[in-house]
Amino acid sequence: QVQLVESGGGLAQSGGSLRLSCVVSGNILSADVIGWYRQAPGNQRELVAYITRYGGTNYEDSVKGRSTISRDNAKNAVYLQMNNLKPEDTAVYYCNARRSGNLQYDSWGQGTQVTVSS
């Protein structure tokens, strides 16, 4: 099991940038996948991007080309760089770490609010 703490959210203007951080307490390499999800009021939580243990990445279509997920195993951290922000990016962003099979887990952080003004 790992614990996750997000930071880096805040208020940004449309077209601006934010860098979200997710610090992992525990062995970051124990997770098969670490992802960023977001949930806007009245909407379901949706996957924004994920990165695998080996560095493979995937992005939701609406953020593709505007966002970059990365990891620094030495710092036990995963980052989400978001550029050209849009008002529809406004949501609470959550970090998630999953491991399947032996010693499986599905851990969530507390979330960080991102608000983009037009």
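Remember, predicted model here, so these are calculated numbers, not experimental data.

Novice: Would you mind showing me how to read the pattern of salt bridges here?
Specialist: When their charged atoms lie close together, side chains carrying opposite charge are able to pair. Tallied over the full model, the rule gives seven salt bridges. The residue Arg-38 makes a salt bridge to Glu-60 at a minimum N-O spacing of 3.9 Å. Of this pair, Arg-38 sits in strand β4 (residues 33–39) while Glu-60 sits in the loop between β6 (57–59) and β7 (67–72), and the two are 22 residues apart along the sequence. Among the residues examined, Glu-60 registers a relative accessible area of 24% and is labelled partly exposed. Linked by salt bridges that have partners in common, Arg-38, Glu-46, Glu-60, Arg-66 and Asp-89 make up one network.

Novice: Just checking my understanding: could you explain unusual backbone geometry for this structure?
Specialist: Most of the time, phi is negative for any residue but glycine, and the peptide bond is trans. Here the phi dihedral of Asn-76 falls at roughly 55 degrees; this positive angle occurs in a residue that is not glycine. On the secondary structure map, Asn-76 appears in the loop between β7 and β8 (77–82). Although it is not a glycine, Leu-103 adopts a positive phi angle of roughly 60 degrees. Judged by its relative accessible area of 63%, Leu-103 is exposed.

Novice: What is the right way to read the state of the cysteines from this model?
Specialist: Put plainly, two cysteines are in a disulfide when a covalent bond ties their sulfur atoms together. On inspection of all chains with the given rule, the structure shows one disulfide. Across the disulfide from Cys-22 sits Cys-95; the S-S distance is 2.1 Å. Judged by the sign of its S-S torsion, about -80 degrees, the bond between Cys-22 and Cys-95 is left-handed. With a gap of 73 residues between them, Cys-22 in strand β3 (residues 18–25) and Cys-95 in strand β9 (residues 91–99) connect regions that are remote in the sequence. Of the two residues, Cys-22 and Cys-95, both sit in the buried class.

Novice: Explain the sheet that holds β3 to me, please; I cannot follow it from the model alone.
Specialist: Strand pairing in a sheet takes place through backbone hydrogen bonds and is either antiparallel or parallel in direction. With antiparallel pairing, the four strands of this open sheet are ordered in space as β1-β3-β8-β7. Each edge of the open sheet carries a strand with a single partner, namely β1 (3–7) and β7. Across the sheet, the mean angle separating the axes of adjacent strands is 15 degrees when strand polarity is ignored. Examined bridge by bridge, β7 and β8 share six bridges and lie antiparallel to one another. Among the inter-strand pairings, Asp-72 is bridged to a residue of β8, identified as Ala-77.

Conventions adopted
- Residues numbered from 1 in each chain as written.
- Predicted model: local features only at pLDDT ≥ 70, side-chain atom pairs only at ≥ 80, totals over all residues.
- Heavy atoms only, no water.
- Salt bridge = Lys/Arg side-chain N within 4 Å of Asp/Glu carboxyl O.
- Helix = DSSP H or I, 4+ residues; strand = E, 2+ residues; numbered from the N terminus.
- Buried < 20%, exposed > 50% of the residue type's maximum accessible area, 1.4 Å probe, protein only.
- Disulfide = S-S within 2.5 Å.
- Pairing = 2+ DSSP bridges.
- Axes fitted to C-alpha atoms, helices over the stretch in contact; angles between N-to-C directions.

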